[in-house]
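Summary of the model geometry
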Amino acid sequence: MQTIYDFTLPEMEEMLAGYGQKSYRAKQLYNWLYRKRVQRFEDMSDLPAALLEKLKERFCIMPVKPLEKQVAKDLTAKYLFELQDGSTIETVLMHFSFGKSVCVTTQVGCSMGCRFCASGLLKKQRDLTAGEIVGQIMYIQQELDAVNERVDNVVVMGTGEPFDNYDNVLDFCAVINSDHGLAIGARHITISTCGVVPGINRFAEGHYQYNLAISLHAPNDALRKELMPIARAYSLDQLMDALKRYSEGNHRRLTFEYILLKNVNDSDAHAMELADLIRGMNAYVNLIPYNEVNENGFHTTDERRSLHFYDVLMKNGVKATLRSRHGDDIDAACGQLRARREGIL
Ligand code: SAH
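The rules behind each value
Residues numbered from 1 in each chain as written. Predicted model: local features only at pLDDT ≥ 70, side-chain atom pairs only at ≥ 80, totals over all residues. Heavy atoms only, no water. Domains from an automatic or database assignment. Contact = heavy atoms within 4.5 Å. Buried area = accessible area lost by both parts, 1.4 Å probe. Salt bridge = Lys/Arg side-chain N within 4 Å of Asp/Glu carboxyl O. Polar contact = N/O pair within 3.5 Å; in protein donor to acceptor, adjacent residues only side chain to side chain. Helix = DSSP H or I, 4+ residues; strand = E, 2+ residues; numbered from the N terminus. Nonpolar A, V, L, I, M, F, W, Y, C, P; charged D, E, K, R; others polar. Near = heavy atom within 4 Å. Buried < 20%, exposed > 50% of the residue type's maximum accessible area, 1.4 Å probe, protein only. Arc of directions from axis to C-beta.

Moving on to the domain arrangement of the protein chain. For the protein chain, the domain assignment lists domain 1 (2-60) and domain 2 (65-341). Domain 1 and domain 2 are separated by 32 Å when their C-alpha centres are compared. Of the residues lining the interface, 16 residues belong to domain 1; the matching set on domain 2 comes to 19 residues. Surface buried jointly by domain 1 and domain 2 totals about 1,400 Å² across both partners, of which 57% is contributed by carbon and sulfur atoms. The largest per-residue losses of area from domain 1 upon contact with domain 2 belong to Y5, Y34 and R37, which jointly make up 40% of the total buried on that side. Counting the contacts that link domain 1 with domain 2 gives one salt bridge. As a salt-bridge pair, D145 and R37 come within 2.6 Å of each other at their nearest N and O atoms. On inspection of domain 1 and its partner domain 2, the count reaches six residue pairs in polar contact (both at pLDDT 80 or more). For the side of domain 1 that touches domain 2, the elements supplying multiple residues, two or more each, are α1 (9-17) and α2 (24-35). Per element, the largest residue contribution to the side of domain 1 that touches domain 2 is six residues, and it comes from α2. Class assignment for the residues of the side of domain 1 that touches domain 2 results in seven nonpolar, four polar and five charged.

Here it is in structure tokens:
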């Protein structure tokens with residue numbers, strides 16, 4: 001059954017118009033779903049009972065069901081959810097000093113095949129609908145309601161490539177960003193792509209206020225092609241051109257994500273090459289400690305080398321941050337919990 005979370009506000013107005021309803025009804029419905037966060041159509045007391053009956057026949061509200069929850073010592077929580085077709089997905093809640101962040105999944109499995117990533121162990125089976133992504137946030141928000149907390153930030157960095165499911169991901173963002181809904185500010189929503197250039201171009205033309213992050217992980221084409229198959233479709237030149245157009249055209253700062261992989265991409269020479277690539281752009285590099293995935297041959301760069309890599313970037317005119325580890329005593333790497341359950345890890 002389709003979830004009612006699938007509808008952006010304009011789509012909700014259109015859908016309700018099909019039942020002869022005026023447009024203010026969509027806002028009322030949004031209010032019940034996202035402000036009051038009810039889970040039963042019967043509870044929406046200012047909407048006509050006959051309409052609610054019809055909606056109930058066609059739609060469910062919560063599209064995800066929790067199967068498992070792992071909580072790390074630092075309270076990072078990882079959820080394994082089941083969708084209505086029996087597929088399973090992962091969602092992560094992180095507690096930062098600047099608020100609560102949720103990392104959402106956008107596809108069942110992933111086809112990008114990055115060699116270091118556990119998500120790709122299970123090939124893409126399908127895209128999630130907008131509402132199935134919204135559901136991940138709503139489930140966790142309901143848990144947080146019990147302790148009077150809210151989801152402050154959303155990162156689209158779970159399993160899946162958001163620009164390989166462009167329309168649904170952008171609809172998801174519109175729903176959670178809506179003033180009539182959860183009202184999560186656009187600047188508190190970050191979309192991360194492995195570098196799907198047509199998606200970046202489309203995103204640039206949309207002039208959205210959401211943050212854009214790029215999974216770079218290598219400073220040259222040869223190494224990037226080894227690590228990330230997407231680099232065979234779009235060269236680093238093509239990628240950087242698209243990003244410059246986006247960043248300059250939209251006056252937005254970019255984030256480059258760079259996982260440090262021991263003896264693979266973490267030498268001084270790599271740092272200099274990376275600095276040459278990014279210097280002068282309105283951007284910074286987020287250095288990410290690698291979460292090891294069983295026996296895939298990649299290892300975590302130690303802290304000393306990571307700090308040194310950071311120093312080389314800074315000394316060569318590129319701003320960087322060194323991300324701290326979260327939840328590494330649970331199956332925190334993208335796709336790990338799910339892969340283990342399916343018997344792959
Ligand atoms: N497909 C998108 C979003 C999902 S991946 C993208 O590639 O950006 C989110 C981030 O986690 C990416 O930067 C990805 O490269 C990184 N990642 C994947 N596996 C990881 C691991 N085992 N340890 C640390 N980061 C990982």
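As a structural note, the neighbourhood of the ligand is formed by 20 residues, with G160, S192, S215, H217 and N291 the closest of them. The contact in question runs from an oxygen atom of the ligand to an N or O atom on the side chain of H217, over 2.6 Å. For the shell around the ligand, the secondary-structure elements that each account for two or more residues are β10 (189-193) and β12 (254-260). Class assignment for the residues of the shell around the ligand results in eleven nonpolar, seven polar and two charged.

Of all the residues in α1, the buried ones are L9, M12, M15 and L16. For α1, the angular spread of buried residues about the axis comes to 115°, placing them on one side. Exposed residues on α1 whose side chains face more than 90 degrees from its buried face are P10 and E14.

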